[in-house]
Amino acid sequence: MDFTFTEEQQAAAEAARGVFAGVAPDAVPSPALAVGAVADTFDRALWKKLADADLLSLLPDAEHGGAGLDAVALCLVLSESARVLARVPLLESSAAMAAVQAYGSEELKSALLERAGRGEVVLTVAASGRTGHDPAELAVTARQEGAEWILDGLQTAVPWAYDADLVAIPAHTASGHTVLALVEPGGEGVALAEQFSTTGERLGELRLDSARIPARDVLDADGAWESLRRLLTVGTCALALGLGRQVLRMTSAYTGKREQFGFPVATFQAVAVQAADRYIDLKAMEAALWQAAWRLGSGTHGTLPVSAEVAVAKIWAADGVRRVVQTAQHLHGGFGADVDYPLHRYHAWAKHLELSLGSAAAHEDTLGDLLAAHPLG
């Protein structure tokens, strides 16, 4: 077996490292000190750099101005972005573009994908539903009237809702079918209210009151929302992996120079064992991530559906990133809580990623259901 990345995937990762090299993780006020959001919008200058480096158009095919790469390439780039806590809707926009590429009409693809790939149109996704625990598609109802769809309902914790030009919103019909609608946040029948993440970023509570959406902007093909949700979840795992790797690097650097009794604390057995445990967590997160991303990108069939691989990846990502930052806080001592030192920001982002798209416990339930429905052996 060949577990190496392709030249194209490695090139995408290298380009991402170049773009993110100058990004400071503490470029905005600390979420521990900010009243409200840490900033009014995302990092627009970084967004332009990503567009110039063709990193916003990784997934669409060449016909629509993209590179035609896969989920593995996207996850490599996302992992690099999390290393510096990049404040951009890269995951949400890329995942929404992938859904349009796979399930949208030619008219919609022509109108949207190239502009989104150039950074001219910002996309995001409403994936939390009403509570963050119930399926997002059940939070909004959809019915078709002629050439329009009518949407009613509520989606909470929508990332970058105040900055996006279009929000991809899952909704269910009376027959139980799920559609995916691209909705303008400022459109008629759409209202936004502020919410805030543990990261200090502004989220949006998006309320739909008989919002009318042109049929062209609604993906009603089977599997559109499920595919988008899986890619969002795997991308969240990639963010958790990149963040965890950086936190372990910070911890290694700190314990290597912090001395007690005349010796670096990294030489103490208790410290080394804890760091080694977190390294094992990261290796497990990595293996589960690439397995799920490869299944998504290749379409390869396995003993279990691809949803099982995604669930395993999120279980490891959620539990693993939490353990990594908790150990880092412990080994840093007082510096872990110092708002002038960036570790507390990574802790806040880790908590957000741990719970985004479902906690470890939620995905354990999903995995249990899949194992019951597809018994092994």
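Note that the structure is a prediction, hence the values are computed from the model and not measured.

**Q** Give me the lowdown on the packing of aromatic side chains, citing residues and values where you can.
**A** As enumerated under the stated definition, the model contains five aromatic pairs in all. Consider the rings of Phe42 and Trp47, whose centres lie 5.4 Å apart with planes at 65°: the pair is edge-to-face. You can call Phe42 buried: its relative accessible area is 2%. The exposure class assigned to Trp47 is buried, which follows from its relative accessible area of 4%. Consider the rings of Phe42 and Trp160, whose centres lie 5.9 Å apart with planes at 85°: the pair is edge-to-face. You can see Phe42 sitting in the loop between helix H1 (7-20) and helix H2 (44-52) and its partner Trp160 sitting in the loop between strand S3 (148-159) and strand S4 (166-172), a full 118 residues away along the chain. Members of the aromatic cluster, each reached through a chain of ring pairs, are Phe42, Trp47 and Trp160. Looking at Arg202, its charged tip hangs above the ring of Tyr162, at a distance of 4.1 Å from the centre.

**Q** I'd love a proper account of unusual backbone geometry, names of residues and values included.
**A** One non-glycine residue, Asp54, lies in positive phi territory at about 60°. Located in the positive-phi region is Leu85, a residue other than glycine, with phi close to 55°. Its relative accessible area of 4% is what places Leu85 among the buried residues.

**Q** Go over the state of the cysteines, please, and point to the residues and values.
**A** What the rule picks out here adds up to zero disulfides. Left without a disulfide partner, Cys237 is nearest to the cysteine sulfur of Cys75, which lies 7.9 Å away.

Calculation notes
- Residues numbered from 1 in each chain as written.
- Predicted model: local features only at pLDDT ≥ 70, side-chain atom pairs only at ≥ 80, totals over all residues.
- Heavy atoms only, no water.
- Phe/Tyr/Trp six-rings, centres within 6.5 Å; stacked < 30°, edge-to-face > 60°.
- Buried < 20%, exposed > 50% of the residue type's maximum accessible area, 1.4 Å probe, protein only.
- Helix = DSSP H or I, 4+ residues; strand = E, 2+ residues; numbered from the N terminus.
- Lys NZ or Arg CZ within 6 Å of the ring centre and 35° of its normal.
- Disulfide = S-S within 2.5 Å.

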